[in-house]
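# Observations on chain architecture
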Amino acid sequence: MATAKRNRRTGLTPFHALAGGALALFAGGLVILLVSVLSYTDLQAFRAVFRSADVRFALRLSLMTSTLSAALAVVFAVPSAYALSRMRFPGRMLADAIVDIPIVLPPVVLGLCLLVFFRTPLGRAVEQAGFRFVYEPAGIVLAQFLTVCPYAIRTVKATLDGINPRVEQVARTLGYGSGRVFILVTLPMLKTGILAGGVIAWAVAFGLFGPMMILVGTTRQRTEVLATSIYLELSVGRIQSALAIALLMVGIALGALTAFKALTGVPAPRER
Amino acid sequence: MLCVESISLRYPRFALREATFSVSPDDYFILYGPTGSGKTVILELIAGLRIPDSGSIRINGRDVTQSDPAHRRIGYVPQDLALIPFLSVRRNIGFGLRSPAFRPDTSGRSLTATVRARVDEMLELLGIVHLADRKPEALSGGEKQRVALGRALAIRPDALLLDEPLSAVDEETGNALMRELKRLQRALRVPTVHICHRFTEMTFLATRVATIREGAIRSVGTPDEVFSPPPVVRAVEAQRPPRPLPQEENSLPPHRLKNDFL
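Residues numbered from 1 in each chain as written. Chains lettered and ligands numbered in written order. Predicted model: local features only at pLDDT ≥ 70, side-chain atom pairs only at ≥ 80, totals over all residues. Heavy atoms only, no water.

Right, let's talk about the interface of chain A and chain B for a bit. Taken together, the contact pairs 15 residues of chain A with 25 residues of chain B. Both sides of the chain A and chain B interface together cover about 1,700 Å² of buried area, and 68% of this is carbon and sulfur. Considering only the side of chain A, the residues that lose the most area to chain B are Arg166, Thr173 and Leu174 of chain A, jointly responsible for 37% of the buried surface there. There are 2 salt bridges connecting chain A and chain B. Residue Glu44 of chain B pairs with Arg166 of chain A through a salt bridge whose shortest N-O separation is 2.7 Å. The interface formed by chain A and chain B holds 8 residue pairs in polar contact (both at pLDDT 80 or more) in total. Those elements that place two or more of their residues in the side of chain A that touches chain B are helix H9 (165-173) and helix H10 (178-206) of chain A. It is H9 of chain A that contributes the most residues to the side of chain A that touches chain B, 7 residues altogether. Looking at side-chain class alone, the side of chain A that touches chain B contains 9 nonpolar, 4 polar and 2 charged residues. (Contact = heavy atoms within 4.5 Å. Buried area = accessible area lost by both parts, 1.4 Å probe. Salt bridge = Lys/Arg side-chain N within 4 Å of Asp/Glu carboxyl O. Polar contact = N/O pair within 3.5 Å; in protein donor to acceptor, adjacent residues only side chain to side chain. Helix = DSSP H or I, 4+ residues; strand = E, 2+ residues; numbered from the N terminus. Nonpolar A, V, L, I, M, F, W, Y, C, P; charged D, E, K, R; others polar.)

In this section: a positive patch on the surface. On the surface, Arg180 of chain A together with Arg91, Arg98 and Arg103 of chain B cluster together into a patch of positive charge. Mapped onto the elements, Arg98 of chain B comes out in the loop between helix H2 (89-94) and helix H3 (111-126). Here Arg98 of chain B falls in the partly exposed class, since its relative accessible area comes to 30%. (Patch = residues over 30% accessible without salt bridge, like charges linked within 9 Å, V, L, I, M, F, W, Y side chains within 5 Å. Areas by Shrake-Rupley, 256 points an atom, 1.4 Å probe, with all protein chains shown as cover. Lys, Arg positive; Asp, Glu negative; His and termini not counted. Charge placed at Lys NZ, Arg CZ, Asp CG, Glu CD. Buried < 20%, exposed > 50% of the residue type's maximum accessible area, 1.4 Å probe, protein only.)

The next subject is the packing of aromatic side chains. Residue and element names in this part refer to chain B. The full count for this structure, using the stated rule, is 11 aromatic pairs over all chains. Pairing Tyr32 with Phe199 gives two aromatic rings, centres 6.2 Å apart and planes at 75°, and the pair type is edge-to-face. Linking Tyr32 in strand S3 (residues 28-32) with Phe199 in helix H6 (residues 199-205), this pair joins segments that are 167 residues apart in sequence. By relative accessible area, which is 14% here, Phe199 ends up buried. (Phe/Tyr/Trp six-rings, centres within 6.5 Å; stacked < 30°, edge-to-face > 60°.)

What follows concerns the pairing of strand S1 (residues 2-10) of chain B. Residue and element names in this part refer to chain B. Relative to strand S2 (residues 15-23), S1 runs antiparallel, the two sharing 6 bridges. Looking across to S2, one finds that Leu2 is bridged to Val23. Hairpin connection from S1 to S2: 4 residues lie between these consecutive antiparallel strands. Judged from the 5 bridges that link them, S1 and strand S4 (residues 54-59) form a sheet pairing that is antiparallel. Within the sheet, the bridge partner assigned to Cys3 lies in S4 and is Arg58. (Pairing = 2+ DSSP bridges.)

As structure tokens, this is what we get:
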């Protein structure tokens, strides 16, 4: 059988070159995009952005809401992923598909759905019970949570699917109930998946804008997150300022993702 | 004593029909049959990982047919061993001893010290003291087998279930493990059900054997009872002059199956 030629010095095959090329093309393209944005703005715009009380408020609110909604998403994702991966029940396939609806739905439509829901008798009852979301900062967390939860569920479920259920079954024969088995056996093996799901959820929530614009509006220093700030700056023609905020968001997200990868350890390649 | 009485389980593409056998503390009981015949399903039913449609399972007189796996007092070694990957050998073997169901009598000592003593006993018994602090990923196939066996035996189970425990090891390790399994079963006197589909493995280990095919148990008895030829064949063969077997045939099993099993 013919085998691909390896480079004598590096040991790389043409397939390795193809894989590396695809990665370089995509990552390189993104870097070029960011550099072009950077070249369009200047230090003055950055200074103005950092001095702006509105942007500082939006930054604080963005970090708080995205962290809270990512945490909530993980809390819901772990049991939901467990149910989808480990339990057999009627309608499991349908439930699996329903979970993905927020991923396929345009974000603006999700916001519209939420707004409509809070105009129905059930939605009004929720608001009358004291849980107010429409045009309120809590609505930001709700919109972010609904959008990012499917990403967390998918990530946790993929990890769970890779764990041999026989390990859990044997643990049950060793005297533990299913809840204790989950805590003592499954959860430690799920740690990386939970962390990855949380980070993906946080990153998507941090950059989210569409559903919030519909559900909570774009009120300065009330429901303004960084994505809203970009929209507001663009709407008044301050393009350089909008780009500076965008780059600030990229910097924060990049820092958070790199810190996560450094803390959890990106798996090293097994074979070159 | 483990008693399985008329257990049945029906799936769209497979059915286990009326399986019945009993295993005493002196029995090394082999479930012998081809792949897909329902051997593993029987073990899973005994372990409580599946619930039968009908029939009953009793362990030392307790009816455990509907019981949770946690309360059956079964030592189970699945085919893939299913060691907990993030725990050391010592923690894997002691895992069941920290559960409410199998917590040992501490007699005034701390639980940690009692568990440690029981685990040391197991490590000694299986000859794996030197592996105590290793993780499963750093063990060979034979070593993993011993750890899984130690984990199942540490809880002092009322019955031991072994699902093809020698399938993933080389011949030399397999032979050593077979001798060890036989020794352990005799020493501990725990009713043991062992799945295999290798004739030599079955003849070496079994005190009693059940042959199974297409979800039904075909015969139960000692290996001699199940695999020796029927009297009429023996009578005919006794009158025939001895004929030396060709070299290749000498390696074949000495008997044909009484019930045309293979």
